[in-house]
Amino acid sequence: MSFTSLGISPSLIKALAEQNYTQPYPIQEKAIPAILERKDVLGIAKTGSGKTASYVLPILMNLEGHSKNKNRHINVLVMVPTRELAAQVNEVFQIFGIAMPFPVKSKAVFGGVSINPQMKSMNNINILVATPGRLIDLIESNAVHLSEVDTLVLDEADKMLNLGFKEEMNRIFSLLPQKRQNLLFSATLSKNVNNINQILLRDPVVIKIESDIDNIDLINQSAYFVPDEKKGPLLRYLIKTKELKQVLVFTSSVYKANNVIDKLRKNGVENCLAIHGKKSQGARTETLHKFKTGKLQVLVATDLLSRGIDIEFLPFVINYELPRSPKDYIHRIGRTGRAESPGEAVSFITPEDKHHFKVIQKKMGKWVTMINSDSINLHGY
Ligand code: AMP
């Protein structure tokens, strides 16, 4: 199937080709025609499936012929759980928005940065990508009005609910016009997501795309038995011997993330930075940008990054510390092995982690190759 046969316009096809989107992904094959027909859609799909373009492209096409919106009114509202995802989705709208034969203006708004510039730049926006808390702030300051929204997208609805945004979401829903198109995307169809589905969606086209678990086979997984005090040398050993140019290292706490960075720097790995909840939004955005564009060798992150963020061709993920839940393990290693590019995921297992790692493997339904770090000469690392 081609993008043309899905009803995508020639100007967009050209922009897609420039981004190396030659063929639609399965979710795009199903979602694009449905959204173009103005149907509601329930998409059970995770990041990596191509879900963003599956709604961005038809939404852009549906904007054609829209009368110019009054100041501070928007046509399309996309709600997302995190700042990073807001920025990423907005980027996709902008990349393809400029290919449209009419002006399209999109904007991302999220907390953690000053609200004033956001308030001042709300004029003539067609598409607003927002986290729920900041959107409420903007509504309360009269900086944005929702009464002309004709398309609502909830992206990663399950995560939004897990993060406790239910009240904000309900409040936002109550401000939307009755007649509108609703698109709901979620990695899982939990009970809470299904509740929203039932309240919000009218006779939706339901699209279910492979789960995380199906994707696991794309990833080469291994694990090292290693005592805690040898994790630092083992990390440096892997970085050097495998000549890693872009590696994402997960820790479980902010303290540990900073600690790993300190140790790397002290031992000659200078090009490393951390992302966690204690970093300013500006620093987080800049670090992520550096990493995505290949200018940062080692990114150390807490689970803030384990979901929702797409980094193209990320070849290597290391679990310096195991996450608590098997689900988080899968989300973390899911940073590699995306779409058609296989990746490698390595976990460090201390004697205390052994049992927990067994549980993770059992839940995942796959056994991971184990290597004893005693068999490696870590001297000098
Ligand atoms: P998403 O699930 O929306 O985060 O997309 C995952 C990745 O796939 C992103 O890097 C997209 O740029 C890329 N992508 C999405 N659709 C296509 C496509 N049809 N062809 C090639 N790459 C795509």
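Scroll up for the structure.
Draft legend 1. Unusual backbone geometry, seen in detail. Despite not being glycine, Arg38 shows a phi value in the positive range, around 70°. In this fold, Arg38 is placed in the loop between α2 (26-36) and β1 (41-44). Arg38 sits in the partly exposed class, given a relative accessible area of 37%. If you check the backbone angles, Asp203 has positive phi at about 45° while not being a glycine. The topology assignment puts Asp203 in the loop between α9 (191-200) and β7 (205-208).

Draft legend 2. Seen up close, the environment of Gly133. Of note, Gly133 is situated in helix α6 (residues 132-140). Residues Gly133 and Val109, 24 residues apart in the sequence, show an inter-C-alpha distance of 9.8 Å. Look past the residues within four positions of Gly133 in its chain and what remains in contact with it is Phe165 and Glu168.

Draft legend 3. Inspection of α2 at higher detail. Turning to α2, its buried residues number three or more, namely Ile27, Gln28, Ala31, Ile32, Ala34 and Ile35. Tucked into the core, α2 has its buried residues touching β1, α3 (51-62), β6 (181-186) and β7.

Draft legend 4. Main features of the side chain of Asp353. Position of Asp353 relative to the elements: it lies in the loop between β13 (343-349) and α15 (354-364). Despite its burial, Asp353 remains without a salt bridge, the nearest opposite charge being carried by Lys231 at 4.6 Å.

Draft legend 5. Representation of helix α11 (residues 231-241) within the structure. Of all eleven residues in α11, nine are buried; the element is thus mostly enclosed. Along α11, the residues classified as buried are Lys231, Gly232, Pro233, Leu234, Leu235, Arg236, Tyr237, Leu238 and Ile239. Where α11 is buried, its residues contact β8 (219-225), β9 (247-250), α12 (254-266), β11 (298-301), β12 (316-319) and β13. Trailing α11 by a residue or two, Glu243 shows a phi angle of about 50°, which is positive.

Draft legend 6. Up close: the nonpolar core. Tyr55, Leu57, Val78, Phe93, Phe96 and Val129 are the most contacted members of the largest nonpolar core, which totals 42 residues. Elements with a minimum of two residues in this core: α1 (10-18), α2, α3, β2 (76-79), α4 (83-97), β4 (127-130) and β6. Once residues lying within four places of it in the same chain are set aside, the contact partners of Val78 are Tyr55, Val89, Phe93, Ile127, Leu128, Val129, Ala130 and Val153.

Draft legend 7. Representation of the packing of α11 against α12. Packing of α11 against α12 leaves a shortest axis separation of 10 Å and a crossing angle of 60°. When the axes of α11 and α12 are compared, the pair comes out oblique. Considering the relative orientation of α11 and α12, their crossing is right-handed. Where α11 abuts α12, its residues Leu235, Arg236 and Ile239 lie against Val260, Lys263 and Leu264. Residue composition of the contact of α11 with α12, by class: four nonpolar, no polar and two charged.

Draft legend 8. Structural detail: the packing of α2 against α3. At a closest axis distance of 9 Å, the pairing of α2 and α3 adopts a crossing angle of 25°. Classed by the angle they form, the pair α2 and α3 counts as roughly parallel. Considering how the two elements wind past one another, α2 and α3 form a crossing that is right-handed. Of α3, the residues touching α2 (which contributes Ile27, Gln28, Ala31, Ile32, Ile35 and Leu36) are Lys51, Ala53, Ser54, Tyr55, Leu57, Pro58, Met61 and Asn62. Classifying every residue of the contact of α2 with α3 by side-chain character gives ten nonpolar, three polar and one charged.

Draft legend 9. Structural context of the packing of aromatic side chains. Throughout the structure, instances matching the rule amount to six aromatic pairs. Between the aromatic rings of Tyr21 and Phe96, the centroid separation amounts to 5.6 Å while the plane-to-plane angle is 70°, which identifies the pairing as edge-to-face. Here the residue Tyr21 occupies a position in the loop between α1 and α2, and Phe96 occupies one in helix α4, the gap between them amounting to 75 residues. With a centroid separation of 5.3 Å and 90° between ring planes, the pair formed by Tyr237 and Tyr381 is classed as edge-to-face. Linking Tyr237 in helix α11 with Tyr381 in the segment after β14 (369-372), this pair joins segments that are 144 residues apart in sequence. Classification of Tyr381 by relative accessible area gives partly exposed; the value is 27%. Cluster of aromatic residues (ring-pair linked, three or more members): Tyr55, Phe93 and Phe185. Looking at Lys354, its charged tip hangs above the ring of Phe225, at a distance of 4.5 Å from the centre.

About the cut-offs
- The residue numbering used here restarts from 1 in each chain and proceeds along that chain's sequence as written.
- Where totals are concerned, whole chains, interfaces and linings use all residues; where local detail is concerned, this predicted model gives features only for residues with pLDDT of at least 70, and gives and counts side-chain atom pairs only at 80 or more.
- Side-chain measures were taken over the full set of non-hydrogen atoms in the model, leaving aside hydrogen atoms and water.
- Labels follow the DSSP assignment, with helices taken as runs of H or I lasting at least four residues and strands as runs of E lasting at least two, numbered in each case from the N terminus.
- For every residue, the accessible area obtained with a 1.4 Å probe (protein chains only) is divided by the maximum for its type, and the residue is called buried under 20%, exposed over 50%, and partly exposed between those limits.
- Contacts are residue-level and defined by heavy atoms, with any inter-residue pair within 4.5 Å sufficient.
- In this tally, Lys and Arg are treated as positive and Asp and Glu as negative; His is ignored, and so are the chain termini.
- Take a side-chain nitrogen of Lys or Arg and a carboxyl oxygen of Asp or Glu: if they are within 4 Å of each other, that pair is a salt bridge.
- The definition of a nonpolar core used throughout is a set of buried Ala, Val, Leu, Ile, Met, Phe, Trp, Tyr and Cys residues joined through side-chain atoms within 4.5 Å.
- The convention used is that axes are lines fitted to C-alpha atoms, helices contributing only their stretch in contact, and that angles between N-to-C directions extend from 0 to 180 degrees.
- These descriptions rest on fixed angle ranges, namely under 35 degrees for roughly parallel, over 145 for roughly antiparallel, 65 to 115 for roughly perpendicular, and the rest for oblique.
- Here is the rule for handedness: rotate from the far helix to the near one, and if that takes an anticlockwise turn smaller than a right angle the crossing is left-handed, while a clockwise turn gives right-handed.
- Amino acids outside the nonpolar list (Ala, Val, Leu, Ile, Met, Phe, Trp, Tyr, Cys, Pro) and the charged list (Asp, Glu, Lys, Arg) are all regarded as polar, and Gly is one of them.
- Whether two aromatic rings pair depends on their centres lying within 6.5 Å, for rings of Phe, Tyr and Trp, where Trp uses its six-membered ring; planes under 30 degrees apart make the pair stacked, over 60 edge-to-face, and the rest tilted.
- Whether a charge sits over a ring depends on NZ of Lys or CZ of Arg being within 6 Å of the ring centre and within 35 degrees of the ring normal.

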